[in-house]
Amino acid sequence: MEFKKIYLGNWFPGSTIHLKQLYQLLSTGESFYFQKGDMVRLIRKMNIKNVEYVTESFNKVEGTFDGGIHFDILEDGVAMVSKDINKLSFGDLKKIKDIAIKKMFFVVEKVYSRGVSVPKVLDELQVDNPMVLVVSKANEKDLEKLFKKFNSIPYKKLNNKKGNIWIGSSFVVINNQSFSDDELGESIKYLMFARLFELNLSRSLKAQHKLWGKLETIRAQRSFKSRHLPVVRDSALDIQSQVNFFKSRSKQMNHFLDWRKKYIDEYLSSHFLSSAFTRFFVSLRANQYYSHELWDMADSYADSTIESITLLYVDNERRELRTLQKLFLISAVITFLSLGTLLGSTMTTYNLQGQITGYTMTSSWEVGSFLLFASIALIIAFFIYYIFYLFFNRLKQSKILSRQKSKK
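Before going into details, it helps to say that this report is about the structure given with it. (Residues numbered from 1 in each chain as written. Predicted model: local features only at pLDDT ≥ 70, side-chain atom pairs only at ≥ 80, totals over all residues. Heavy atoms only, no water.)

### Digging into the environment of Ile 218
Consideration 1: Note on placement: Ile 218 falls in helix α6 (residues 181-220).
Consideration 2: Taking the C-alpha atoms as reference points, Ile 218 and Val 232, 14 residues apart in sequence, are found 7.5 Å from one another. (Helix = DSSP H or I, 4+ residues; strand = E, 2+ residues; numbered from the N terminus.)

Have a look at this one:
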């Protein structure tokens, strides 16, 4: 068995616009979208010998690092780092991984995720970098040993006159015997895409389970203390935002499948693996549709959870408002009663000869004074109550509207 080439891949869904931005950054060390800082210094430290924008039916940016390490970035965001090898060395493999993950994939992710709010759950669910190994003159036992060495299990074996392709979850071996360069290049491109697509579907499924579990934890609470409601509501809104991201990304992934399928039908219909590629896409589309349905369910579940919390939140506000109304009513009653119940008193004045010159009597609960002071206090109380009512009512409506906007 002879070793020919090794590939590592990753996928950052994007478009031709992202590819052009990446090419500008890699070729000039500058970008309109990034300040001259860490990104620019990183590009300069990458020691890229050459970089080229290749215009084909499927555009790409390709180039090489020092040490003969090659990279290809396709316009849909599939990124590959590769190296020619004549033996399988885990030291060389570690070196390739370091360059791929810490440099090239890091830069591509920064460019392709520009302007996108990436959910926190993605950081907890990293995807393995699938590997494609190209060998020649390998028999079945050799291929079995390779899969065992990388702790992988082949679950698809494509055998024909030109060679063998064994496919695992994140490890693929191409036993190249008579593939042309074009056939080999297209095979690697689509095998890598299929592995990356399936791994991302797996990560999406794990993320759905994780977010669904968080929603169930919230809904399992029978009651919440008033001071905890804002925190719970914000947590549910954050989960809903993450669900919306995955739901939108699921639609994008369907678009990428259509894009690849159309390319195969128009440009690779005569490829010896075209029928295998077509079967791959049928399987991927079924899995992607299933994943999309799960995200639809999660979206509805998040909506109903937020609606329940909103009802609790509004009900709590109403209770607080009713309590305030009662307290204010009691204080108003006390106020006008106190104003209307001045203490009764008498006052007699004398001159120097001891003769009475004046006599004053203040009556408690004098009807006229009571009506006057009570009316004034009541009017003031109603006025202040109305101001408070408008304030709390407006506050409550703004919060509800903010939640509705967040749903949209």
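Don't stop here, the text continues.
### Thoughts on the packing of helix α1 (residues 16-28) against helix α3 (residues 90-112)
Consideration 1: At a minimum axis distance of 9 Å, the contact between α1 and α3 shows a crossing angle of 130°. For the element pair α1 / α3, the angle class is oblique. The crossing of α1 and α3 is right-handed. Across from His 18, Leu 19, Gln 21, Leu 22, Leu 25 and Leu 26 in α1, the residues of α3 making contact are Met 104, Val 107, Val 108, Val 111 and Tyr 112.
Consideration 2: When grouped by side-chain class, the residues that make up the contact of α1 with α3 number nine nonpolar, two polar and no charged. (Axes fitted to C-alpha atoms, helices over the stretch in contact; angles between N-to-C directions. Parallel < 35°, antiparallel > 145°, perpendicular 65-115°, else oblique. Left-handed = near helix turned anticlockwise from the far one by under 90°. Contact = heavy atoms within 4.5 Å. Nonpolar A, V, L, I, M, F, W, Y, C, P; charged D, E, K, R; others polar.)

### Focus on the sheet that holds strand β7 (residues 156-160)
Consideration 1: Spatial strand order, β2-β3-β4-β5-β1-β6-β9-β8-β7: nine strands in an open sheet with mixed pairing. Since the sheet does not close on itself, it has two edges, and those belong to β2 (48-54) and β7, each with one partner. Taking the axes of each pair of neighbouring strands and ignoring which way they run, one obtains an average angle of 15° across the sheet.
Consideration 2: In the sheet, β2 pairs with strand β3 (residues 60-65) via six bridges, with the strands oriented antiparallel. For Tyr 53, the partnering residue across the bridge sits in β3 and is Val 61.
Consideration 3: Together, β1 (2-11), β6 (131-136), β7, β8 (163-167) and β9 (171-176) form the strand contacts of helix α5 (residues 140-149), whose direction differs from that of β8 by roughly 25°. (Pairing = 2+ DSSP bridges.)

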